[in-house]
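Observations on the model geometry
This is what each chain is made of:
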Amino acid sequence: MRRYSGITVKLLLAFFAVLLISFAITMFVSDRFVRSQLRDRNDQMEARQLDVTAALVRSAYREQWSRAQLTSALQMSGGPNRTIVILNSAGEVVLQSGNPGAGGSVELDPQALKETLAARDKHWRPGDASGEGKIRIAAGPVGGDVTWNAQTILVVSQAFQQDFNVFSGLFRNIMITMLVVSTIMVLIVSRSMTARLRRMTQAARDIAKGKFDIRLPDRHRDEIGELASSLNHMSAELGSLDRMRREFLANVSHDLRSPLTSIGGFVEAMLDGAVPQEKEMHYLGLVREQTQRMNRLVNDLLDVARMEAGQLEISPVPYNLSSWIRGLLARMSPDAERRGIKLELIGDAEDLWVTADPDRIDQVLANLVLNAIQFSPNGRTVQVEAVRDGERARISVRDRGVGIPGGELDKIWQRFYKSDKARSARTGSGLGLAIVQFVLEKHGTAASVDSAEGVGTVFTFSLPLAEQPSHPPYSARDGI
């Protein structure tokens, strides 16, 4: 069932309200103006009519016209909307010509008539001087011999009301025509707009059901066209995110299953006595490595869940960044040495103190160094640089690895994203760099990347420097 509270109805109601208010104001102003103009014009015409009629009556008395001749002359001069009445000195009708129905039955005020006759320069309009009545009466003296039977002339007219009715009818017809035409135009425009909005509503519902291949026409360069472009962009982004999510689930399933299978196999072999005693430590080391790999993956998943829930908080404090970097490299050296990769800290000889969350920045550096190790060929060097840069410390992690294609530099910060070369190397979760950027954003900074294929990659970020306290709350972690 079609609702009657949609955009079309609201547009029509708003348009009608504006149009009716505009017409009401215009009608009010026009009514006052037209009434004044028509009244002035009719006053002039009636004044001329009185002068012409008085001249005809005087000529008729001087030249002794017959009653029929005078009546015919008065009818020709009076016009279709006026009745001419000639009165004697007693106020009795001597002659009447023109349209008998124009003036109707008019009751004359004797006192007003006497004043008119005495002044000989007044027009008398009993009850119609404002022009609001349907009949207007102009009175004037004949101006002849006082012995003549004809002494006063009345011009009874409906011309003013008829002219005003013509104006009102024309204005009404224009208003009705404008309402009809405007209604049709508003219906056409609003139906076109609502049709596009209905398509967008259906597209949004389809997107909510997981149909991310929806594309809406966005050739119109208006607000609705911008909304269509935004929906198309959202659909494309959600489709890309959904693909990465599916790939991530497949990769996570593989990354969890592989170490679990390895751990299970090693444990069963040792329990069955198939592993020589001198090899047990080696196999336990492999089990530990696989366990650490699973632990990193689970921690990444938990961090992403906290990020999405807005629960990943930081606690910035002053601490010795250089000392923590040395401790981090010491922890990661065994894994790097097994591939012949050397970890190196370069930069200022003096220790740098910064204000940040030590554990979270340690997580950032661990993810960046681990990426550098994974993407570096055996025998290369991974450098971590920490230098003073004005009021901030600049930290960089550089590898001499495979590099990142230029078209993928903007995508590496997305969750679940992994480049093709990353898949060809040791697998990862595709979450590490997203966590890096989120943690740095919580610190009010961001990481940048510079890479060239076949040359290497460098990740850089900065932190605010801090004064070294006399009793540092965090001790150095070298050798951990």
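Residues numbered from 1 in each chain as written. Predicted model: local features only at pLDDT ≥ 70, side-chain atom pairs only at ≥ 80, totals over all residues. Heavy atoms only, no water.

**Observations concerning the overall build of the chain**
Under the convention used in this document: In this text, helices come from DSSP runs of H or I with a minimum length of four residues, and strands from runs of E with a minimum of two, each type numbered from the N-terminal end. When a residue's accessible area, from a 1.4 Å probe over protein chains only, is under 20% of the maximum for its type it is buried; when over 50% it is exposed; and in between it is partly exposed. Residue contacts are counted whenever heavy atoms from the two residues lie within 4.5 Å of one another. A 1.4 Å probe and the Shrake-Rupley method give the accessible areas. Residues count as covered only by the protein chains that appear here.
Scanning the chain from N- to C-terminus turns up eleven helices and eleven strands. A burial count over the chain gives 39% of its 480 residues as buried. Put simply, 69% of the contacts in the chain that link residues at least 6 apart link residues at least 24 apart. Split by element, the accessible area of the chain, about 27100 Å² in all, is 54% carbon and sulfur.

**Observations regarding the packing of aromatic side chains**
For clarity, the cut-off: Between 30 and 60 degrees the pair is tilted, below 30 it is stacked and above 60 it is edge-to-face, where a pair is any two Phe, Tyr or Trp rings, Trp via its six-membered ring, whose centres lie within 6.5 Å.
Enumeration according to the criterion identifies two aromatic pairs in this entry. On the numbers, 4.8 Å between centres and 10° between planes, the contact of Tyr-61 with Trp-148 is stacked. Linking Tyr-61 in helix H1 (residues 7-63) with Trp-148 in the loop between strand E3 (136-141) and strand E4 (152-157), this pair joins segments that are 87 residues apart in sequence. Classification of Tyr-61 by relative accessible area gives partly exposed; the value is 30%. In this structure Trp-148 comes out as buried when scored by relative accessible area, which is 17%. For the pair Tyr-319 and Trp-324, a centre-to-centre distance of 5.6 Å together with 75° between the ring planes defines the contact as edge-to-face. Taken as a pair, Tyr-319 and Trp-324 share a single burial class, namely buried.

**A few points about the nonpolar core**
Test applied: We define the nonpolar core as a collection of buried residues of types Ala, Val, Leu, Ile, Met, Phe, Trp, Tyr and Cys that are connected through side-chain atoms lying within 4.5 Å of one another.
Grouped together as the largest cluster of nonpolar side chains are 46 residues, with contacts concentrated most on Leu-365, Val-369 and Phe-461. Secondary structure elements with two or more residues in this core: helix H7 (280-309), helix H8 (321-337), strand E7 (353-356), helix H9 (358-374), strand E8 (381-389), strand E9 (392-399), helix H11 (432-442) and strand E11 (456-464). Among the elements that line this core, the one with the most residues is H9, at eight residues. Not counting the four nearest positions on each side in its chain, Phe-461 is found in contact with Val-364, Leu-365, Leu-368, Ala-393, Arg-394, Ile-395, Leu-440, Ala-446 and Ala-447.

**Some points on a nonpolar patch on the surface**
Here is the rule we go by: Patch definition: residues with relative accessible area over 30% and no salt bridge; like charges joined within 9 Å; nonpolar side chains (Val, Leu, Ile, Met, Phe, Trp, Tyr) joined within 5 Å. Here, a salt bridge means any side-chain nitrogen of Lys or Arg that lies within 4 Å of a carboxyl oxygen of Asp or Glu.
Residues Ile-21, Ile-25, Phe-28 and Val-29 make up a contiguous nonpolar surface patch of roughly 410 Å² in combined accessible area. In this structure, Ile-21 sits in helix H1. Taking the relative accessible area as the measure of exposure, Ile-21 reaches 52% and is therefore exposed.

**A word on the sheet that holds strand E10 (residues 448-452)**
Using the following cut-off: Here the rule is simple: two strands pair whenever DSSP picks up at least two bridges between them. Axes here refer to lines fitted to C-alpha atoms; in helices the fit is confined to the stretch in contact. Angles between the N-to-C directions go from 0 to 180 degrees.
With respect to topology, five strands assemble into an open sheet ordered E6-E8-E9-E11-E10, the strand pairing being mixed. Strand pairing shows two members of the sheet lacking a second neighbour, strand E6 (342-347) and E10, which therefore form its edges. On average, adjacent strands in this sheet sit at an angle of 15° to one another, irrespective of strand direction. As defined by bridge partners, E9 adjoins E11 across eight bridges and the pair is classed as antiparallel. When the bridges of E11 are listed, Arg-394 appears paired with Ser-462. Most of the contacts of H8 go to E6, to which it runs at about 165°, and overall it touches E6, E8 and E9. Along the sheet, H9 makes contact with E6, E8, E9 and E11, crossing E9 at roughly 25°.

**Some points on the environment of Asp-213**
The topology assignment puts Asp-213 in the loop between helix H5 (159-208) and helix H6 (223-271). It is 9.8 Å that separates the C-alpha atoms of Asp-213 and Ala-203, two residues lying ten residues apart in sequence.

**Topic: H11**
Burial analysis of H11 places nine of its eleven residues in the buried class, the great majority of the element. Looking at H11, one finds that the buried residues are Gly-432, Leu-433, Ala-434, Ile-435, Val-436, Gln-437, Phe-438, Val-439 and Leu-440. Of the residues trailing H11, Gly-444 is marked for its positive phi of about 80°.

**Some words on a positive patch on the surface**
This is how the line gets drawn: The positive count covers Lys and Arg only, the negative count covers Asp and Glu only, and His and the chain ends enter neither. Where a charge sits is defined by one atom per residue type, namely NZ (Lys), CZ (Arg), CG (Asp) or CD (Glu).
On the surface, Arg-191, Arg-198, Arg-199 and Arg-219 cluster together into a patch of positive charge. Residue position: Arg-191 is located in helix H5.

**Section: the UniProt feature "transmembrane region" (unreviewed entry) in the chain**
Stated precisely, the cut-off is as follows: UniProt positions are given in the numbering used here, feature names are shortened, and annotations may be inferred rather than shown by experiment.
The UniProt record annotates "transmembrane region" (unreviewed entry) at residues 170-190. Helix makes up 100% of residues 170-190 and strand 0%, and the two end C-alpha atoms of the span are 30 Å apart.

**Re the confidence of the model for the chain**
The criterion, for reference: One number per residue, pLDDT, summarises how confident the predictor is, and it ranges from 0 to 100.
In this model, the chain carries an average pLDDT of 77, and 81% of its residues clear a pLDDT of 70 or more. For the chain, per-element mean pLDDT is lowest for helix H10 (residues 420-424), which scores 44, and highest for E7, which scores 94. Across residues 126-133, confidence stays below pLDDT 50; counting only partners more than four residues off in sequence or on other chains, it has twelve contacts. Contacts from residues 475-480, a stretch scored under 50 in pLDDT, to residues over four places away or in other chains number 14 contacts.

**Focus on the packing of H8 against H9**
For clarity, the threshold we go by: Angles below 35 degrees are treated as roughly parallel, those above 145 as roughly antiparallel, those between 65 and 115 as roughly perpendicular, and all remaining angles as oblique. The crossing is said to be left-handed when, going from far helix to near helix, the turn is anticlockwise and less than a right angle, and right-handed when the turn is clockwise.
Running from N to C, H8 and H9 cross one another at 40°; their axes reach a closest spacing of 10 Å. Of the possible angle classes, the one that applies to H8 and H9 is oblique. In this structure, H8 crosses over H9, and the sense of that crossing is right-handed. On H9, the residues touching Leu-321, Trp-324, Ile-325, Leu-328, Leu-329, Arg-331, Met-332 and Ala-336 of H8 are Pro-358, Asp-359, Ile-361, Asp-362, Leu-365, Ala-366, Val-369, Leu-370 and Ile-373.

**A few points about unusual backbone geometry**
A positive phi angle is found at Gln-64, which is not glycine, with a value near 60°. Residue Gln-64 is classed as exposed on the basis of its relative accessible area, which comes to 70%.

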